[in-house]
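The primary structure of each chain is shown beneath.
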Amino acid sequence: MNSYWYYAFRYFKKYLLDNILILLLWGVMIWLGILLAFYMKTAVDAVAAGTLPIADLLAIVILAAAIPLLNFVSEYKANILAGKLVLDISGEIIASTIRTGGKRDSSDVLSRISGDVLNATIYLNLWLDLGLIVARLLAQVAAAFYISPVLTLAAVPFIALYLFVSGKIGPAILAHTQRERVLYTAWFKRVKEAVDGAHSLYRVGIVKLPKVLVEAAAEWFKGYRKLQLYSKGLSFGANALAYGVPNGAFVLGLFLTPMGMATVGVALAVRQLLAQVFEPAAQLMMKVGSIYQLKVSFQRVAELIEAKCDRIMTVDAAGPRVVVENAVLGYGGVPVLRVESLVIGPGDFVWVRGPTGSGKSTLGKAIAGLIKPIEGRIETPSGAIYIGNDDYIFDASVYENIDLWEGFPREEVERAARLAQIDFPLDKLCGERGSELSEGQRQRVLVARALLRRPSVLILDEVTSGLNVEVEERVLDAAKREVPIVVVISHRSTAGKYANKIVEVDNGTARVVAPHKNSANLQKSSAFQD
């Protein structure tokens, strides 16, 4: 994983002008805050001496109005910058999810986008925030010490005490944050399952929250409650420090005034400066405490951004060619299928057949280069496309679901639709996950989507099962004409009419069986036809 500083400086440079403006605004505010304290000291002491310092009072009014205005502008710019970062990082996560073939659980990805991205953006800007806070703190302390060393030194032990306590609480916050994020992800997954499966629950008479969801919610809330206890405890200490110490210093200053060790103006000015010291000190402690929470979110986000693509890509100079040799295929190191030798070249139309669960889809994904073999060798050309029945239909028109917003010429999209035998309007809305389409319509949209991109290898995994035989034949005939290599995975025997190679998948192995030239004999010989 790339370091924190890699991401922090990368985004700082990307939004350099925004960051420079924020830095300038903060610098001006720090200077004006110190200036305000000095004017207050002068004005109060002048009034106590029996004079009315009009210029000083006017300066106090102007400074008191200018500081909140500058604070508003700086916070507005900082929040806008945070919004840009949220969009940037969310976009990178989605791009990475697409690039890796959507292998990670969607609930996990969505929970990290909703629950971690904002924290990650805060963490990435933390170095700048902490630098500004420390600069402000040091400047205010220096000014307070210049005015009254005694009152300033009296506040130092309280700062040291708070630093010590926050250092003790911080690791506990980290542990509870990590656990809370894990529990939140588990709960969010159950929420998504309940929403997606609501119709299935209703059909069997379940109209209340599933027990597994209730249990996941209880576990998350237990972890959340512990996290809040620690983090809010740290926040309480910070607020107590910010309000208590400046007022204590003011009281001490008033106490020392009759002794000639301070004046009312000095007491008020030091109180003003210490309030401005302990405000950033409190912010510093809260941010230091939140580092433990923010770091966990950053790590969870960076893990998604940096996910690696396992897709196999080679280009055969002699033309598209697929080679599978002594390959063991599987998931997570668990073997599913063994393929001793399979070579597919231009002009080949391959029918992959076998019983349900035998590994046909695994073979199709391997041919497309979507999964790496556990053992052996696989070569696949660039431009291979795998289409399965689980491919996603977006809540958009048929045309948009074919083009996928890539801006292909309209005539090419319409041609792909014709090749896929789409006989319904291209402006028809598909609904969420294709809910407004029949199974056959949905499958034809997926085929058109693939044909539009002129693949070198096209793998169709049970995506003609919803078509009648006549339409299925026209779709397969178009694929054979348009695509150099076609692989059809199907229980139905229609593909046998076009196949010059048949791959039989059964008992954990895939083997090429003798090609049949007589489609009638082929269809009779299939043990797996519907």
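This write-up is about the structure you can find in this document. Predicted model only: the values in this text are computed from it and were never measured.

Secondary structure summary: the protein chain contains 16 helices and nine strands in total. Every one of the 530 residues in the protein chain was classed for burial, and the buried ones make up 46%. At a minimum sequence separation of 6, the contacts of the protein chain that also span at least 24 residues come to 78%. Entry remark: accessible area of the protein chain is about 26,500 Å², with carbon and sulfur atoms responsible for 62%.

Side-chain pairing between opposite charges can occur once the charged atoms of the two side chains come close. All told, the structure shown has 26 salt bridges when counted by the stated rule. Taking the shortest distance from any N to any O, the salt bridge between Arg181 and Asp116 comes out at 3.6 Å. Here Asp116 lies in the loop between α4 (106-115) and α5 (117-124) and Arg181 lies in helix α7 (residues 149-196), a separation of 65 residues in the sequence. There is no split in this pair, since Arg181 and Asp116 are both buried. In this structure, Glu215 engages Lys211 in a salt bridge whose closest nitrogen and oxygen atoms are separated by 4.0 Å. A residue pair is termed a helical-turn pair when its members lie 3 or 4 positions apart in one helix, as Glu215 and Lys211 do in helix α9 (residues 211-256) at four residues. Overall, Lys211 belongs to the exposed group, its relative accessible area being 63%.

Here we come to the packing of aromatic side chains. Enumeration over the complete set of coordinates arrives at 21 aromatic pairs. On the numbers, 5.3 Å between centres and 45° between planes, the contact of Tyr123 with Phe298 is tilted. Residue Tyr123 is found in helix α5, and its partner Phe298 is found in helix α10 (residues 264-305); the two are separated by 175 residues along the sequence. Each member of the pair, Tyr123 together with Phe298, is buried. Among the aromatic residues, ring-to-ring pairing joins Tyr4, Trp5, Tyr6, Tyr7, Phe9, Phe12, Tyr123, Trp127 and Phe298 into one connected group. If you follow Arg181 out to its NZ or CZ, it ends over the ring of Tyr184, 4.5 Å from the centre.

Counting residues in hydrophobic clusters, the biggest one holds 42 residues, and the most contacted among them are Ile402, Ile422 and Leu458. Put simply, the parts of the chain that give this core at least two residues each are β3 (349-353), β5 (384-388), α12 (398-403), α13 (410-419), α14 (439-452), β6 (457-461), α15 (469-482) and β7 (485-489). Considering each element in turn, this core owes the most residues, seven residues, to α14. When neighbours within four sequence positions are excluded, Ile402 is seen to be in contact with Val413, Ala417, Ile422, Leu426, Val445, Ala448, Arg449, Leu452 and Arg453.

Another point: α15. Along its 14 residues, α15 runs 20 Å from first to last C-alpha, staying within 8% of the 20 Å computed at 1.5 Å per residue. Three or more residues of α15 are buried, namely Val471, Glu472, Val475, Leu476, Ala478 and Ala479. Looking straight down α15, one finds its buried side chains confined to an arc of 155°; they lie on one side. In α15, the exposed residues that point more than 90 degrees away from the buried face are Glu470 and Arg481.

Among the structural elements, Ala37 can be located in helix α2 (residues 16-48). Owing to a relative accessible area of 0%, Ala37 belongs among the buried residues under this scheme. Ala37 sits 23 residues away from Ile60 along the chain, and the two C-alpha atoms are 8.7 Å apart. Among residues more than four places away in sequence, those in contact with Ala37 are Ala269, Gln272 and Leu273.

It is worth spelling out the side chain of Ser358 at this point. You can see Ser358 is positioned in the loop between β3 and α11 (360-367). The buried category is assigned to Ser358, whose relative accessible area is 10%. There is a polar contact of 3.5 Å between the side chain of Ser358 and the backbone oxygen of Val505. Each residue touching Ser358, except ones within four places of it in the same chain, is listed here: Leu337, Val505 and Asp506.

Most of β5 sits inside the fold, with five of its five residues counted as buried. Alternating positions in β5 separate into two faces, Ala384, Tyr386 and Gly388 on one and Ile385 and Ile387 on the other, with burial throughout. Where β5 lies against β6, five bridges are found, and the strand directions are parallel. For Ala384, the partnering residue across the bridge sits in β6 and is Val457.

The subject of this paragraph is the environment of Ala510. On the secondary structure map, Ala510 appears in strand β9 (residues 509-513). Exposure remark for Ala510: the relative accessible area of 8% places this residue in the buried category. Residues Ala510 and Val339 lie 171 residues apart in sequence; the distance between their C-alpha atoms is 5.2 Å.

Let us look at the sheet that holds strand β1 (residues 322-331). What holds strands together in a sheet is hydrogen bonding between their backbones, with the strands either parallel or antiparallel. Spatially, β4-β1-β2-β9-β8-β3-β7-β6-β5 is the arrangement adopted by the nine strands of the open sheet, whose pairing is mixed. Each edge of the open sheet is held by one strand with a lone partner, namely β4 (375-379) and β5. Averaged over all neighbouring strand pairs, the angle between strand axes comes to 20°, with direction disregarded. Of the strand pairs in this sheet, β3 and strand β8 (residues 501-506) are connected by four bridges, and their pairing is parallel. The residue of β8 that forms the bridge with Val350 is Lys501. Seen against the sheet, α15 touches β3, β6 and β7 and runs at an angle of roughly 150° to β7.

Here the phi dihedral of Arg454 falls at roughly 45°; this positive angle occurs in a residue that is not glycine. As for its placement among the helices and strands, Arg454 is situated in the loop between α14 and β6. Accessibility expressed as a relative area gives 53% for Arg454, which makes it exposed.

Here the focus is a nonpolar patch on the surface. Together, Leu16, Leu17, Ile20 and Leu24 make up a nonpolar patch on the protein surface, roughly 400 Å² of accessible area in all. Structurally, Leu17 is set in helix α2.

With respect to the secondary-structure elements, Asp427 resides in the loop between α13 and α14. Placed 28 residues apart in sequence, Asp427 and Tyr399 show a C-alpha to C-alpha distance of 6.1 Å.

Restricting attention to buried positions, one finds in helix α1 (residues 4-14) the residues Tyr4, Tyr7, Ala8, Tyr11 and Phe12. For α1, the arc enclosing every buried residue in end-on projection is 130°, short of the 170-degree limit, so these residues lie on one face. Exposed side of α1, more than 90 degrees from the buried face: Lys13 and Lys14 are the residues found there.

Reading the values: the criteria
- Residues numbered from 1 in each chain as written.
- Predicted model: local features only at pLDDT ≥ 70, side-chain atom pairs only at ≥ 80, totals over all residues.
- Heavy atoms only, no water.
- Helix = DSSP H or I, 4+ residues; strand = E, 2+ residues; numbered from the N terminus.
- Buried < 20%, exposed > 50% of the residue type's maximum accessible area, 1.4 Å probe, protein only.
- Contact = heavy atoms within 4.5 Å.
- Areas by Shrake-Rupley, 256 points an atom, 1.4 Å probe, with all protein chains shown as cover.
- Salt bridge = Lys/Arg side-chain N within 4 Å of Asp/Glu carboxyl O.
- Phe/Tyr/Trp six-rings, centres within 6.5 Å; stacked < 30°, edge-to-face > 60°.
- Lys NZ or Arg CZ within 6 Å of the ring centre and 35° of its normal.
- Core = buried A, V, L, I, M, F, W, Y, C linked by side-chain atoms within 4.5 Å.
- Expected span 1.5 Å × (residues − 1).
- Arc of directions from axis to C-beta.
- Polar contact = N/O pair within 3.5 Å; in protein donor to acceptor, adjacent residues only side chain to side chain.
- Pairing = 2+ DSSP bridges.
- Axes fitted to C-alpha atoms, helices over the stretch in contact; angles between N-to-C directions.
- Patch = residues over 30% accessible without salt bridge, like charges linked within 9 Å, V, L, I, M, F, W, Y side chains within 5 Å.

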